[in-house]
Amino acid sequence: MNPAVPEWTGVALSVSLVAVAVVIAWRQQLGLAKEIVIAAVRAGVQLFAVGAVLLFLFQHAGLPGGFAWLAVMVVIAGQVAGRRGAGLHRSRYVATAAVAVAAAVTLGVLILFGVVQSAPRVVVPVGGMVVSGAMQATGVTLARLVAEARGQRAVIEARLALGLSAPAAFAPHRRELLRTALIPTLDSTKVVGLISLPGAMTGLILAGVSPEVAIRYQIVVMYMLVAAAVMAALAAAELGRRMLFTGAQQLR
Amino acid sequence: MSRFDLREVSVRRDGHLIIDRVSATIAPGRCTALVGPSGAGKSTLLRLFNRLDDPTSGTLLLDGAELDTLDVLELRRRVGLVGQRPVMVAATVIEELRTGAPELERGRAVELLARVGIAQALVDRPSAGLSGGEAQRVCLARALAVEPEVLLLDEPTSALDPEAAKAVEETLCGLLGDGLTAILVSHSAEQVRRMADDALVLQGGRLVESGPVREIAYVNGVGGV
């Protein structure tokens, strides 16, 4: 066994770190002790459950099971991101579709070209990263979309009244909101390795893989996440824009 | 032509009846005012003529054709709108005019601006730097650039200071004199008497009076405006 990976006794000992935090919070009456305990227990239970599910998937369910699990993640991500677009007609449907498109295209390309293996032990965690990145981009895009449609209603309707189609009337706002939605992803991509060592790379290095291999993996992951975010934002902006307007080019 | 017919038009929003079975005719080549107390549904009704909204029930006809059978973008080019507040949609004055008429030549733009009382020197000005009165004139020129048959005017001078309001109104009167069909929402009885030929009086969403302006009690002091 690789000495860098903790044994179960090590995991048990790491609980003492949480205990220290709880004791401090309790003695200083921060009102956080209970929260910390709940968060720590939840995280532990959730990770145990996910570990069990993954173990089952990897050993018994095969690739179809892996993709089924991925589909569940897409649905959950759609619900979460859809809430950011509250007020938008059918926002959860838009969000789910945007995340699904981004995940399908990104993962599809990687698998098709054999960049990542089409095995459940690869598809599930890599898919998870893609879905999570797509979810964030979708959420921000929909939130901006709704805010823009509300705040700029008069401007959009002035363009409609001049005979512009809904896509044309919304085009300048689409540009702005896509920029806003993608800036966080692009910024964190720019400073990757300088400010933070990203998760996949950290994980690989901790597990004893050489940094040269770890960065190769990380580069793929990073490009994948940029692509997923851009595609999710584009899909969310496009589908969301359709939901902003009626068939008669009226702003809802 | 450009004659509008309204048949039993109703608008319901959030359970409230805003427009209640209004039937009327808007004659071509004339200025028809929609008047009534605030909240009577004037602006709501105005938005139906270029289909920024649709009625909940009833139909509107333009020259005998139901509005929802016409191409909506074409309809909006035939029926222009000038709103209550000037809303700028582009970076410069000439780009404002080209929003609805991308092929508009510079010379034609200058002509249109002259028609609404904007000097040639302002053509390349940033639209954000215009005064309220100038901006409203640019909105008017922008609507005219599309060459509409009908102009919808939603309280076009109410957000302007008295001097600018008077000047914009004079410009509008000049345009109306050229035979453009107009539908004017106004809360000022004086303005309606100066600008409009006919009037429809709305109260609580219902049409309570209609006819030539001089015969309408509401704008001649009897209804108390």
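Scroll up a little and you will see the structure.
A brief structural summary. Predicted, not measured: the structure shown is a model, and the values here were computed from it. (Residues numbered from 1 in each chain as written. Chains lettered and ligands numbered in written order. Predicted model: local features only at pLDDT ≥ 70, side-chain atom pairs only at ≥ 80, totals over all residues. Heavy atoms only, no water.)

**Some thoughts on the overall build of chain B**
Helix and strand counts for chain B come out as 7 helices and 10 strands. Relative to its length of 225 residues, chain B is compact, with a C-alpha radius of gyration of 17 Å against a globular reference of 17 Å. Dimensions of chain B along its principal axes, counting C-alpha atoms only, are 45 × 40 × 35 Å. Burial statistics for chain B: of 225 residues in total, 51% are counted as buried. Pairs at least 24 apart in sequence give 67% of the contacts found in chain B among residues at least 6 apart. Accessible surface for chain B amounts to roughly 9800 Å². Of this, 46% is attributable to carbon and sulfur atoms. Here chain B contributes 25 positively and 32 negatively charged side chains, and the mean placements of these two sets differ by 2 Å. (Helix = DSSP H or I, 4+ residues; strand = E, 2+ residues; numbered from the N terminus. Rg over C-alpha atoms; globule rule 2.2 N^0.38 Å. Buried < 20%, exposed > 50% of the residue type's maximum accessible area, 1.4 Å probe, protein only. Contact = heavy atoms within 4.5 Å. Areas by Shrake-Rupley, 256 points an atom, 1.4 Å probe, with all protein chains shown as cover. Lys, Arg positive; Asp, Glu negative; His and termini not counted. Charge placed at Lys NZ, Arg CZ, Asp CG, Glu CD.)

**Brief notes about helix 4 (residues 106–115) of chain B**
Residues three or four positions apart in an α-helix share a direction because the helix packs 3.6 residues into each turn. Residues and elements named next belong to chain B. Looking at helix 4, one finds that the buried residues are A109, V110, L112 and L113. Take helix 4 and look down its axis: the buried residues cluster within an arc of 160°, on one side only. Buried positions along helix 4 lie against helix 3 (93–99) and helix 5 (132–145). Positive phi shows up at G117, right after helix 4, with a value of about 85°. (Arc of directions from axis to C-beta.)

**Regarding the sheet that holds strand 10 (residues 206–212) of chain B**
Residues and elements named next belong to chain B. A sheet is described by the order of its strands in space; here 6 strands give the open sequence 6-7-8-3-9-10, paired in mixed fashion. For this open sheet the edge positions go to strand 6 (79–82) and strand 10, each flanked by a neighbour on one side alone. Recorded for the sheet is a direction-independent mean angle of 15° between the axes of neighbouring strands. The pairing of strand 7 (residues 150–154) with strand 8 (residues 181–185) spans 5 bridges and is parallel. In the strand pairing of strand 8, D154 is matched with V185. Across the sheet, helix 5 lies against strand 6 and strand 7, angled at about 175° from strand 6, the strand it touches most. (Pairing = 2+ DSSP bridges. Axes fitted to C-alpha atoms, helices over the stretch in contact; angles between N-to-C directions.)

**Thoughts on the interface of chain A and chain B**
On the side of chain B, 20 residues touch chain A, which itself brings 14 residues to the contact. Contact between chain A and chain B buries roughly 1400 Å² in total, counting both sides, with carbon and sulfur atoms accounting for 59%. Contact with chain B buries area across many residues of chain A, yet A161, L162 and Q250 of chain A alone supply 40% of it, more than any other trio. Across the contact surface, chain A and chain B share 1 salt bridge. In this assembly, chain A and chain B are joined by 7 residue pairs in polar contact (both at pLDDT 80 or more). Split into classes, the residues belonging to the side of chain A that touches chain B amount to 8 nonpolar, 4 polar and 2 charged. (Buried area = accessible area lost by both parts, 1.4 Å probe. Salt bridge = Lys/Arg side-chain N within 4 Å of Asp/Glu carboxyl O. Polar contact = N/O pair within 3.5 Å; in protein donor to acceptor, adjacent residues only side chain to side chain. Nonpolar A, V, L, I, M, F, W, Y, C, P; charged D, E, K, R; others polar.)

**Some thoughts on unusual backbone geometry**
We note that R90 of chain A has phi near 55°; this positive angle belongs to a residue other than glycine. At R21 of chain B, a position not held by glycine, the phi torsion is positive, near 45°. Looking at where R21 of chain B falls in the secondary structure, it is placed in strand 2 (residues 16–26).

**A few points about the environment of R84 of chain A**
All names here are of chain A. By secondary structure assignment, the location of R84 is in helix 2 (residues 33–84). Look at R84 and you get exposed, because its relative accessible area is 58%. Spatially, the C-alpha atoms of R84 and Q59 are 37 Å apart, while their sequence positions differ by 25 residues. Once residues within four sequence positions are removed from consideration, R84 is found in contact with G139, L142 and A143.

Everything listed here is a matter of coordinates, which is why it stays silent on function.
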